[in-house]
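Observations on the three-dimensional arrangement
Spelled out from the first residue to the last, the chains are:
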Amino acid sequence: MLNQNHLLGLKYLSATEIKEILEQATYFKQLFNRPVKQVPTLKNKTLVSLFYEPSTRTKGSFDMAMKMLGAGSLNFAVNTSSVNKGETLVDTVKNLASMGVDGIIVRHSMAGVPELIAKNVDIPVINAGDGFNEHPTQALLDMFTMTEEKGYIEGKKVTIIGDIKHSRVVRSNIWGLSKLGAEVTVCGPASLIPHGIEEMGCKVVHKVEDAIKGADFINVLRVQFERQKGSYFPSSREYYHEYGITPSRVKLAKEDVLIMHPGPMNRGVEISTDVADGPYNVILEQVSNGVAIRMAVLYMLLARRNAR
Ligand code: CP
């Protein structure tokens, strides 16, 4: 049972709560292979997705999850809403809650926006990515994929390589993986590693070969060019040379290493096409698992919450 009314970040979840979400997602994933994929669990509920930043995977899989649970979805596009007339975020969400929506899914460029919304409405709020802070459903689907592929997470060596500084995915992964007992290493150019990140419970290694050695999982992060003000490395070509995940670098990891990427990928910058499409990648499995995880989160916050 989740002891939370919202999913704001993995920082706030216990290991038990994380494991319960993963178990619930395992149950929902079984539906994927059935002729009738929908269950009516949330048939009287309507959610709204507020995406102030672009998204393919997160928005799409929340939409799929809502459909599969029988929930309605209120169509809201930031660009054609009264946000463009200057309406504040808090006024926007209070108005949506007054219409009777049962939950809010939000992605925003500012860290802390989901928490701000949660303080102003009396319905569940789900963080779909806030600034550099957290992307909890991404880390949950990453951990679900790891568990599905290898059976367990405790003691596994997870190496996360790339633009650590601008990544909300890495923060949620560090919170979640360390709670489940994984050994987490982050790697990237010094300019893209925030000071003090070790305090979250990970190791920092700058040489990519050292970081990869013996890894069970390599999670490759996108270079977030759109968030970078100034220059963090001389050129994409040099980044690829120093940090790009290539077949020869993958050979340094465990023989059965799995390659992950939250997407979207910059092929030829942080990852070579040979690796992205290669035998060890589980990148599209991550995307499928995103639907199961989002079903689990919606179910646990909206259906089980009412049953308490
Ligand atoms: N992984 C992820 O958040 O992808 P989108 O930006 O496409 O949602």
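Cut-offs applied
Residues numbered from 1 in each chain as written. Predicted model: local features only at pLDDT ≥ 70, side-chain atom pairs only at ≥ 80, totals over all residues. Heavy atoms only, no water. Domains from an automatic or database assignment. Contact = heavy atoms within 4.5 Å. Buried area = accessible area lost by both parts, 1.4 Å probe. Salt bridge = Lys/Arg side-chain N within 4 Å of Asp/Glu carboxyl O. Polar contact = N/O pair within 3.5 Å; in protein donor to acceptor, adjacent residues only side chain to side chain. Helix = DSSP H or I, 4+ residues; strand = E, 2+ residues; numbered from the N terminus. Nonpolar A, V, L, I, M, F, W, Y, C, P; charged D, E, K, R; others polar. Buried < 20%, exposed > 50% of the residue type's maximum accessible area, 1.4 Å probe, protein only. Axes fitted to C-alpha atoms, helices over the stretch in contact; angles between N-to-C directions. Parallel < 35°, antiparallel > 145°, perpendicular 65-115°, else oblique. Left-handed = near helix turned anticlockwise from the far one by under 90°.

Points about the domain arrangement of the chain
Under the domain assignment used here, the chain contains domain 1 (10–135 + 287–307) and domain 2 (137–283). Centre-to-centre separation of domain 1 and domain 2, based on C-alpha positions: 26 Å. Counting from both sides, the interface comprises 33 residues of domain 1 and, opposite them, 26 residues of domain 2. For the pairing of domain 1 and domain 2, the buried interface totals around 2500 Å² over both sides, and the portion due to carbon and sulfur atoms is 62%. Per-residue buried area on domain 1 facing domain 2 is highest for Leu10, Phe132 and His135; these three make up 29% of the total on that side. Where domain 1 packs against domain 2, one counts 2 salt bridges. Between lysine 29 and glutamate 148 there is a salt bridge, with its nearest N and O atoms 3.0 Å apart. Scanning the region where domain 1 abuts domain 2 turns up 16 residue pairs in polar contact (both at pLDDT 80 or more). Elements with a contribution of two residues or more to the side of domain 1 that touches domain 2: helix 1 (15–29), helix 2 (57–68), strand 3 (103–108), strand 4 (125–130) and helix 11 (283–307). Of the residues that constitute the side of domain 1 that touches domain 2, the class distribution is 14 nonpolar, 10 polar and 9 charged.

Topic: the environment of glycine 162
By the secondary structure assignment, glycine 162 is in the loop between strand 5 (157–161) and helix 6 (168–179). For glycine 162, a relative accessible area of 0% corresponds to the buried category. As for glycine 162 and valine 186, which are separated by 24 residues in sequence, their C-alpha atoms are 8.1 Å apart. Non-local contacts of glycine 162, meaning those with residues more than four positions away in its chain, are made with Cys187, Gly188, Pro189, Leu192, Leu221 and Tyr239.

Here we look at the pattern of salt bridges
Enumeration according to the criterion identifies 9 salt bridges in this entry. Between aspartate 63 and lysine 59 there is a salt bridge whose closest N-O contact spans 2.9 Å. You can see aspartate 63 and its partner lysine 59 sitting in helix 2, 4 residues apart, about one turn around the helix. Judged by relative accessible area, which is 27%, aspartate 63 ranks as partly exposed.

A short note on the packing of helix 3 (residues 89–98) against helix 4 (residues 113–120)
Where helix 3 contacts helix 4, the two axes come as close as 10 Å, and the packing angle between them is 50°. The angle between helix 3 and helix 4 places the two elements in the oblique class. Crossing angle aside, the handedness with which helix 3 passes helix 4 is right-handed. Listed contacts from helix 4 to Leu89, Val90, Val93 and Lys94 of helix 3 are Val113, Leu116, Ile117 and Asn120. Grouping the constituent residues of the contact of helix 3 with helix 4 by class yields 6 nonpolar, 1 polar and 1 charged.

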